[in-house]
Amino acid sequence: MLRIAIQKSGRLQEDSLKLLKESGLHFNNGKDQLKAKADNFPVELLFLRDDDIPQYIEDQVADAGIVGENILIEKEKKNELIRRLDFAKCRLSIAIPRAETYTGSTWLQGKNIATSYPNIVRKFLKTKNIEAGIHEISGSVEIAPGIGLADAICDIVSSGSTLLSNGLKEVETVMTSEAVLIASPNLASEKKAVLNDLLFRIQSVQSAKNNKYILMNCPNEAIEKITQMIPGMKSPTIMPLGRPGWSSLHSVVNENDFWKKINQLKSYGAEGILVIPIEKMIV
Ligand code: PRT
Ligand code: ZN
């Protein structure tokens, strides 16, 4: 049984559960419980505060977990990064009052920085050779300069609107972050096998999300050029249409490339292009 700690409530909770469900795990208990056992996979979920998850893993109360990379790095516990999960993307940035003129990182010399991430800030200042005070606070960091508690802050930024509404501007990106699957580096072999099985499923879900199934009608003389452009997993499937000289071509295309390729496909004479989501993709 692999015990996976996920956030009890907050920004990571919904997407963490969604990923596990899309990976085929089925949970009976509601999310208000402390624990939930999958009824079709040897996994038990523990619902915890995200800040506590690295310690629980180090103490081997949990075997694995899903946290923001910012928490993984800040906590400096015996945790291994297993996979980036492509959600809860954000950055940890330094921000200062908008009226200030930022002259580069030396601006921070001798200043006070309020943050919930003292370890990360300490390391950042060290790499820049800057001495500054670090004032650790656990919440509402963005109000610190306004109430005279600090000259600058280091906090999570996503859209930037929190900084804006507090009269601050972002001046340094300390790190970028996204949700990550982490695990104890000392898992017993049975637990490791379950983790690998889960990881395989997560990879299939992630590849499927990044790719689309694409179908189109094309003139036979365009088949070769289109095949080169969207080779798919091995090669496209090509079936003759009822109309002579035409074929139906099916392939897989990367989501990011899709819009770039669509105009070229049309210029090759492709018509009736359909793009369909893929649920799982085993490569
Ligand atoms: O209760 P618990 O301790 O479990 O949760 P929490 O309150 O500590 O964390 P939570 O749920 O707020 O965030 C969990 C994780 O989501 C973080 O550790 C980040 O990895 C990630 N994440 C992604 C964010 C954001 N985006 C985010 N925007 N975490 C926090 N914010 C906050 C930020 O602190 C700031 O107050 O949102 C505000 C900034 O957002 P913008 O859009 O105004 O820039
Ligand atoms: Zn937290």
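The structure presented is a predicted model; accordingly, all values stated were derived computationally and were not measured.

Participant: Lay out the sheet that holds strand β10 (residues 168-177) with the relevant residues and their values.
Facilitator: Taking strand neighbours across the sheet as the criterion, the five strands line up as β8-β7-β9-β6-β10 in an open arrangement whose pairing is mixed. The sheet terminates laterally at β8 (133-136) and β10, the two strands that pair on one side only. Going across the sheet, the axis of each strand differs from the next one's by a mean of 25 degrees, ignoring polarity. The pairing of strand β6 (residues 90-97) with β10 spans eight bridges and is classified as antiparallel. From the neighbouring strand, Ala95 faces β10, where its bridge partner is Glu170. Sitting on the sheet, helix α4 (residues 118-127) is in contact with β6, β7 (112-115), β8, β9 (152-157) and β10, with an inclination near 170 degrees to β8.

Participant: Report on the site of ligand 1, specifying residues and quantitative values.
Facilitator: Every one of the 22 residues lining ligand 1 counts as a neighbour, but Asp51, Asn70, Ser159, Gly160 and Thr162 are closest to it. Residue Gln7 places a side-chain N or O atom 2.8 Å away from an oxygen atom belonging to ligand 1. Between ligand 1 and the protein, one listed contact pairs an oxygen atom with a side-chain N or O atom of Ser159 at 2.6 Å. Its free accessible area being 840 Å², ligand 1 has 79% of it covered by the protein chains. Cavity membership is defined here by more than half of the atoms lying within 2 Å of grid points; on that basis ligand 1 lies in the largest pocket.

Participant: Can you explain the coordination of the zinc ion (ligand 2)? Please cite residues and give values.
Facilitator: Asp50 (OD) and Asp51 (OD) make up the full set of protein donors to the zinc ion (ligand 2), lying at 1.9 to 2.1 Å. Relative to the metal, the four donor atoms surrounding the zinc ion (ligand 2) lie at angles of 73 to 173 degrees, and the coordination shape comes out irregular. Residue Asp51 is classed as partly exposed on the basis of its relative accessible area of 25%.

Participant: Can you tell me about the domain arrangement of the protein, naming the residues and giving the values?
Facilitator: According to the domain assignment, the protein contains domain 1 (2-88 + 179-187), domain 2 (90-177) and domain 3 (211-277). Computed from C-alpha atoms alone, the centre-to-centre distance between domain 2 and domain 3 is 49 Å.

Participant: For the layout of surface pockets, give the residues involved together with the corresponding values.
Facilitator: The space that makes up the largest pocket amounts to roughly 1100 Å³. Along the wall of the largest pocket there are 41 residues; nearest its centre are Arg11, Asn70, Tyr117, Asp155 and Ile156. Every element with two or more residues in the lining of the largest pocket is listed here: α3 (69-75), β9 and α5 (161-165). Taken together, the residues of the lining of the largest pocket break down into 14 nonpolar, 15 polar and twelve charged. Viewed by domain, the lining of the largest pocket spans two of them, domain 1 (2-88 + 179-187) and domain 2 (90-177), each represented by three or more residues. Computed from the structure, the second largest pocket encloses a volume of approximately 180 Å³. Taken together, Asp15, Lys18, Leu19, Glu22, Leu85, Asp86, Phe87, Val205, Gln206, Lys209 and Asn210 form the lining of the second largest pocket. Those elements that provide at least two residues to the lining of the second largest pocket are α1 (13-22) and α6 (189-210).

Participant: Give a detailed account of the pattern of salt bridges, specifying residues and quantitative values.
Facilitator: Under the counting rule described, the total for this entry stands at twelve salt bridges. The shortest N-O distance in the salt bridge between Lys209 and Glu22 comes to 2.8 Å. With Lys209 in helix α6 and Glu22 in helix α1, this residue pair connects regions lying 187 residues apart in the sequence. The closest approach of N and O atoms between Asp63 and Lys191, which form a salt bridge, is 2.9 Å. Here Lys191 lies in helix α6 and Asp63 lies in the loop between α2 (53-58) and β4 (64-68), a separation of 128 residues in the sequence. Through salt bridges with shared partners, one network takes in Asp257, Lys260 and Lys261.

Participant: Explain the packing of α1 against α6 residue by residue, including any values.
Facilitator: Running from N to C, α1 and α6 cross one another at 100 degrees; their axes reach a closest spacing of 9 Å. When the axes of α1 and α6 are compared, the pair comes out roughly perpendicular. Residues Leu19, Leu20 and Glu22 of α1 form the contact with α6, whose participating residues are Leu198, Ile202, Val205 and Lys209. When its residues are assigned to classes, the contact of α1 with α6 shows five nonpolar, no polar and two charged.

Participant: Outline unusual backbone geometry, listing residues and values.
Facilitator: Backbone geometry places Ala88, a non-glycine residue, at a positive phi of 55 degrees. Among the structural elements, Ala88 can be located in the loop between β5 (80-84) and β6. The residue Asn129 is not glycine, and still its phi comes out positive at about 60 degrees. Locating Asn129 in the fold gives a position in the loop between α4 and β8.

Definitions and cut-offs
Residues numbered from 1 in each chain as written. Chains lettered and ligands numbered in written order. Predicted model: local features only at pLDDT ≥ 70, side-chain atom pairs only at ≥ 80, totals over all residues. Heavy atoms only, no water. Pairing = 2+ DSSP bridges. Helix = DSSP H or I, 4+ residues; strand = E, 2+ residues; numbered from the N terminus. Axes fitted to C-alpha atoms, helices over the stretch in contact; angles between N-to-C directions. Contact = heavy atoms within 4.5 Å. Near = heavy atom within 4 Å. Polar contact = N/O pair within 3.5 Å; in protein donor to acceptor, adjacent residues only side chain to side chain. Areas by Shrake-Rupley, 256 points an atom, 1.4 Å probe, with all protein chains shown as cover. 1 Å grid on protein atoms, 1.4 Å probe; cavity = no way out; pocket = protein on both sides within 12 Å on 5 of 7 lines; lining within 4 Å. Sits in = over half its atoms within 2 Å of the grid points. Donors = N, O, S within 2.8 Å, 3.2 Å for Na, K, Ca; no water. Tetrahedral: all angles 85-135°; square planar, octahedral: opposite > 155°, others 65-115°. Buried < 20%, exposed > 50% of the residue type's maximum accessible area, 1.4 Å probe, protein only. Domains from an automatic or database assignment. Points joined across faces, edges and corners; volume = space filled by probe spheres on them. Nonpolar A, V, L, I, M, F, W, Y, C, P; charged D, E, K, R; others polar. Salt bridge = Lys/Arg side-chain N within 4 Å of Asp/Glu carboxyl O. Parallel < 35°, antiparallel > 145°, perpendicular 65-115°, else oblique.

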